[in-house]
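As a plain string of letters, each chain reads:
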Amino acid sequence: MPEDEFRRYARETADWMSDYLATVGDLPVFSSPSPGFLTSALPREAPDHGESMDEVLRDFRELVVPGLTHWNHPSFFGYFSITASGPGILGEMLAAALNVNAMVWRSSPAATELEDVTTNWLRQLVGLPEVFEGVINDTASSSSLYALAAAREVAYPEAHSAGMFGMPRGRIYASEEAHSSIEKAVLTLGFGREGFRTIPTDEAFSMDVEALRAAIAEDVVAGIQPVGIVATLGTTSAAAVDPVDQIADLAEEYGVWLHVDAAYGGSAAVVPEVRALFQGWDRADSVVINPHKWLFTPIDCSVLYCQRPEMLVRAFSIVPEYLTSAEQAETRSLMDYGISLGRRFRALKLWFVLRAFGRDGIRARIRYHVEIARHFAELVEAEEEWEVTAPVHLSLVTIRHVAGDKVTKRAMDRVNGSGEAFLTHTDLRGQTVIRLAIGNLKTTRDDVLHVWDLLREAAALEISED
Ligand SMILES: *Cc1c(COP(=O)(O)O)cnc(C)c1O
């Protein structure tokens, strides 16, 4: 692409992005396409000859964009709502242009050092002590896998050379509300399904610590080795908060690795009154926080903090000759902290976000999200036909219609079908509930009031049509 052409299309693309971000609220959040809609609209084979950017961009605008679910829409309340903020997008664009690969310090010195700086800044913002060393991964799924790989190194020092075959069985414990990525990590690390023991939760969906104690004691008697405990601060279904301080006591007592999954909730620790909920998380061996969840950073960006980074390095460091360099003893080689050799320059967008918002800016926005979530929960509580199904600590509210699963689910489907707002559902103790997740910077109290109107109307229609 000749320089003048690149400049022209870069400007055109920047204009398109600005317009998109300014008007995304006017688009349907979810456009209800039928599966296969795009595949059938595009050629089955790549073009033989290069096409013009005008054609490519036209198809992007006319075919691709209408088939997206718009996560940047202010009425996107599904999954965990997120934001690609302006500063984050700029950092991401520049990272794409630079295209550096921070495998080792030498392969991109500033990218390696900026990762140290930003993870250190974020660590201070959320109030974790200096012993935690941070590294950026793509997702929390990877971060948790790496943390548990380090836990396996600690529990089975001989397995590093001998492998897991012939080793005593091991177990990793997490609440029944833990994220599926934890079980995936357990399977990937070779412990099998039986290597994962789920612990019941109390009425607030928080891990029952006495049940955890009993499970570990029972396993130890049976000759099963406790390998790791995963506590969640902000579970996926209900944003429940496990009592991490008490869990840390148990982890210490048994000498077991404690990993804290704060992928969504962790960013909220920037707000002092929220951080109080996380009492004891500084005692964990490892903690994962996703800035791409609730810290306005475009996906992907997951920070893994580890008090014992040398165990991560022990689990993953293999240095082929072509990657050795004179300064490797005094610098970090980020390739040593996980599976990926090549790594995108993710620190850049996080650095842009932390600088552009500042601690006060981040605090104010997260506080607002928590406040409007609580306000929504109060409105639902006040309505006889609806109920809030879990305590609201963060920015996620789970609700259901008293008429039951069918009306609840259908009311949600009806709202999603309207394109005006987007919600997702889950199952709590066998009941269908709607999740309203707030995390987008453009979401206001009015957007929340509007989706509440839509939900009530939809439920009333379902009941009258039944
Ligand atoms: C979102 C989430 C995950 C998974 O995060 P990815 O980055 O998509 O892998 C894991 N745990 C919790 C608690 C989450 O909220």
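For clarity, every value in this text was computed on a predicted model and none was experimentally measured. (Residues numbered from 1 in each chain as written. Predicted model: local features only at pLDDT ≥ 70, side-chain atom pairs only at ≥ 80, totals over all residues. Heavy atoms only, no water.)

(A) Structural view of the overall build of the protein. Assigned secondary structure in the protein consists of 15 helices and eleven strands. The globule rule puts the C-alpha radius of gyration for 466 residues at 23 Å, and the 24 Å found for the protein is close to it. Its C-alpha atoms put the protein at 65 × 60 × 45 Å along the principal axes. Counting the 466 residues in the protein, one finds 50% classified as buried. Sequence-distant contacts, at least 24 apart, represent 74% of the contacts inside the protein between residues at least 6 apart. Accessible area of the protein: about 21200 Å², with a carbon and sulfur share of 52%. Measuring between centres, the 41 positive side-chain charges of the protein sit 2 Å from its 67 negative side-chain charges. (Helix = DSSP H or I, 4+ residues; strand = E, 2+ residues; numbered from the N terminus. Rg over C-alpha atoms; globule rule 2.2 N^0.38 Å. Buried < 20%, exposed > 50% of the residue type's maximum accessible area, 1.4 Å probe, protein only. Contact = heavy atoms within 4.5 Å. Areas by Shrake-Rupley, 256 points an atom, 1.4 Å probe, with all protein chains shown as cover. Lys, Arg positive; Asp, Glu negative; His and termini not counted. Charge placed at Lys NZ, Arg CZ, Asp CG, Glu CD.)

(B) Representation of the site of the ligand. Lining the immediate environment of the ligand, one finds 15 residues, of which A140, S141, D261, N290 and K293 sit closest. D261 is positioned with one of its side-chain polar atoms (N or O) 2.6 Å from a nitrogen atom of the ligand. Protein chains bury 87% of the 380 Å² of accessible surface belonging to the ligand in isolation. At a threshold of 2 Å from the grid points, most atoms of the ligand map onto the second largest pocket. Those elements that provide at least two residues to the shell around the ligand are α5 (140–155) and α11 (291–294). Residues that form the shell around the ligand fall into these classes: four nonpolar, nine polar and two charged. (Near = heavy atom within 4 Å. Polar contact = N/O pair within 3.5 Å; in protein donor to acceptor, adjacent residues only side chain to side chain. 1 Å grid on protein atoms, 1.4 Å probe; cavity = no way out; pocket = protein on both sides within 12 Å on 5 of 7 lines; lining within 4 Å. Sits in = over half its atoms within 2 Å of the grid points. Nonpolar A, V, L, I, M, F, W, Y, C, P; charged D, E, K, R; others polar.)

(C) Region of interest: the sheet that holds strand β3 (residues 196–199). One open sheet holds the seven strands; their spatial order is β1-β7-β6-β5-β4-β2-β3, and the pairing between them is mixed. Since the sheet does not close on itself, it has two edges, and those belong to β1 (133–137) and β3, each with one partner. Each neighbouring strand pair of the sheet contributes to a mean axis angle of 20°, computed without reference to strand direction. When β1 meets strand β7 (residues 302–306), the two strands line up antiparallel, connected through five bridges. Along β7, the bridge assignment pairs V135 with L304. Relative to the sheet, helix α4 (residues 109–126) contacts β1, β6 (286–289) and β7, its axis offset from that of β1 by approximately 115°. (Pairing = 2+ DSSP bridges. Axes fitted to C-alpha atoms, helices over the stretch in contact; angles between N-to-C directions.)

(D) Molecular detail of the nonpolar core. If you look at the biggest cluster of nonpolar residues, it comprises 62 residues, and the most contacted ones within it are L212, I229, L258, W281, V287 and I362. Within the residue set of this core, elements represented by two or more residues are α4, α8 (209–221), β4 (225–232), α9 (244–254), β5 (257–261), β6, β7 and α13 (347–381). Sorting elements by how many residues they give to this core places α13 first, with nine residues. Of all hydrophobic cores here, the second largest spans 36 residues; its members include A151, A159, V227 and Y337. (Core = buried A, V, L, I, M, F, W, Y, C linked by side-chain atoms within 4.5 Å.)

(E) Broad picture of the state of the cysteines. As enumerated under the stated definition, the model contains zero disulfides in all. Left without a disulfide partner, C306 is nearest to the cysteine sulfur of C301, which lies 17 Å away. (Disulfide = S-S within 2.5 Å.)

(F) Looking closely at the layout of surface pockets. Of the voids in this model, the largest pocket is the one considered here, and its volume is about 730 Å³. Every residue lining the largest pocket is counted, 24 residues in all, and those nearest its centre are W16, Y20, N72, A84 and I89. Taken together, the elements giving at least two residues each to the lining of the largest pocket come down to α1 (3–23), α2 (53–64) and α3 (86–98). Element by element, the count of residues in the lining of the largest pocket is highest for α1, at six residues. Residues that form the lining of the largest pocket fall into these classes: 16 nonpolar, five polar and three charged. In this structure, the second largest pocket occupies an estimated 410 Å³ of space. Residue lining of the second largest pocket: 21 residues in total, with F80, H179, N290, H292 and K293 positioned closest to the centre. (Points joined across faces, edges and corners; volume = space filled by probe spheres on them.)

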